[in-house]
Amino acid sequence: MRTAFKLFVYSVALSVGGISVLAAEMPSKSKGLRELRLTYEIFVGGFHSGHVNLSVHRNSKYYELFAVTTSMGPIDFLVGFRSYAQSRGEVSEEGFAPYSHHVNNVWTGDI
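Rules and cut-offs
- Residues numbered from 1 in each chain as written.
- Predicted model: local features only at pLDDT ≥ 70, side-chain atom pairs only at ≥ 80, totals over all residues.
- Heavy atoms only, no water.
- Salt bridge = Lys/Arg side-chain N within 4 Å of Asp/Glu carboxyl O.
- Buried < 20%, exposed > 50% of the residue type's maximum accessible area, 1.4 Å probe, protein only.
- Helix = DSSP H or I, 4+ residues; strand = E, 2+ residues; numbered from the N terminus.

A. Just the pattern of salt bridges, in detail. Per the stated rule, a full pass over the model turns up three salt bridges. Close ionic contact of Arg37 with Glu35 constitutes a salt bridge, the shortest N to O distance being 2.6 Å. When its relative accessible area of 44% is taken as the criterion, Arg37 is described as partly exposed. Between Glu64 and Arg88 there is a salt bridge whose closest N-O contact spans 3.0 Å. Residue Glu64 is found in strand β5 (residues 62–71), and its partner Arg88 is found in strand β6 (residues 82–92); the two are separated by 24 residues along the sequence. With a relative accessible area of 21%, Glu64 lands in the partly exposed category.

Remember, this is a structural readout, not a statement about activity or role.
Rendered as structure tokens:
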């Protein structure tokens with residue numbers, strides 16, 4: 001069986017900024033396991049304001065999503081925002097059924 005590395009690159013321009021997306025589907029040695037990683041670079045008014053890293057892991061029975069959002073540039077100086085999110089669930093013939101979701105948001109000065 002042949003395993004291939006797939007790389008997709010998209011770019012979207014918005015009137016107030018732009019979002020660049022880089023997605024890579026990683027091959028896996030484990031049969032049926034899929035992994036997808038997305039990186040979003042966020043620009044507002046021409047300033048690099050942050051980025052989001054999203055990972056998706058899935059096999060035939062379960063899935064997990066993990067996202068990290070980090071502010072950058074002037075926005076980071078003003079608010080220093082960080083967000084960590086994780087969702088887990090089951091995969092069945094009926095679709096996806098989440099069973100947990102956790103989010104931690106940290107602003108400047110939060111401990």
